[in-house]
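# Per-entry structural report
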Amino acid sequence: MTVMSGIAARGESVLFMAACPDCRARIELAAGALRLAIGGSRRTTFYSFTCPECGAAVRKPAGERIVELLTGGGVRTLRLHSAL
Ligand SMILES: [Zn+2]
């Protein structure tokens, strides 16, 4: 198992390690449980998931490296366009 910057790969499946800010549970999320939104600025680039422990909707900013990791791991990506 390789752990690097919050991403873990076990066999064929990629799991993303995250911590819930509400209940502080340490959780592992498959790519399908995460959503990534890429906006025109850092403020609008974030990833989100629902905590399986407490059900909280968690949203965290995603830097360039996290974006790379998530997209490389097959997380569904939504590209937000600044001109709506
Ligand atoms: Zn939680």
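For the protein chain, an unreviewed UniProt entry supplies the name Putative RNA-binding Zn-ribbon protein involved in translation (DUF1610 family) and the organism Streptomyces candidus.

Moving on to the pairing of strand S4 (residues 26-30). Every other side chain in a regular strand lies on the same face of the sheet, so the side chains alternate between the two faces. Direction of pairing for strand S3 (residues 13-19) relative to S4: antiparallel, over a ladder of 5 bridges. By the bridge assignment, Phe-16 is partnered in S4 with Leu-29. Between S3 and S4, which pair antiparallel in sequence order, lie 6 residues; one of them, Arg-24, sits at a positive phi of approximately 65 degrees.

Taken together, 4 strands build an open sheet; the order of strands is S7-S6-S5-S8 and the sheet is mixed. Each having just a single partner strand, strand S7 (57-61) and strand S8 (76-79) make up the two edges of the open sheet. Taken over all neighbouring pairs, the strand axes of this sheet differ in orientation by 20 degrees on average, direction set aside. Note: strand S5 (residues 34-38) against strand S6 (residues 46-50), 4 bridges, orientation antiparallel. Bridged to Ala-37 within S6 is Phe-46.

Here we come to the pairing of S5. In terms of strand pairing, S5 meets S8 through 4 bridges, oriented parallel. Its bridge partner being in S8, Leu-36 is matched across the sheet by Thr-77.

The rules behind each value
- Residues numbered from 1 in each chain as written.
- Predicted model: local features only at pLDDT ≥ 70, side-chain atom pairs only at ≥ 80, totals over all residues.
- Pairing = 2+ DSSP bridges.
- Helix = DSSP H or I, 4+ residues; strand = E, 2+ residues; numbered from the N terminus.
- Axes fitted to C-alpha atoms, helices over the stretch in contact; angles between N-to-C directions.

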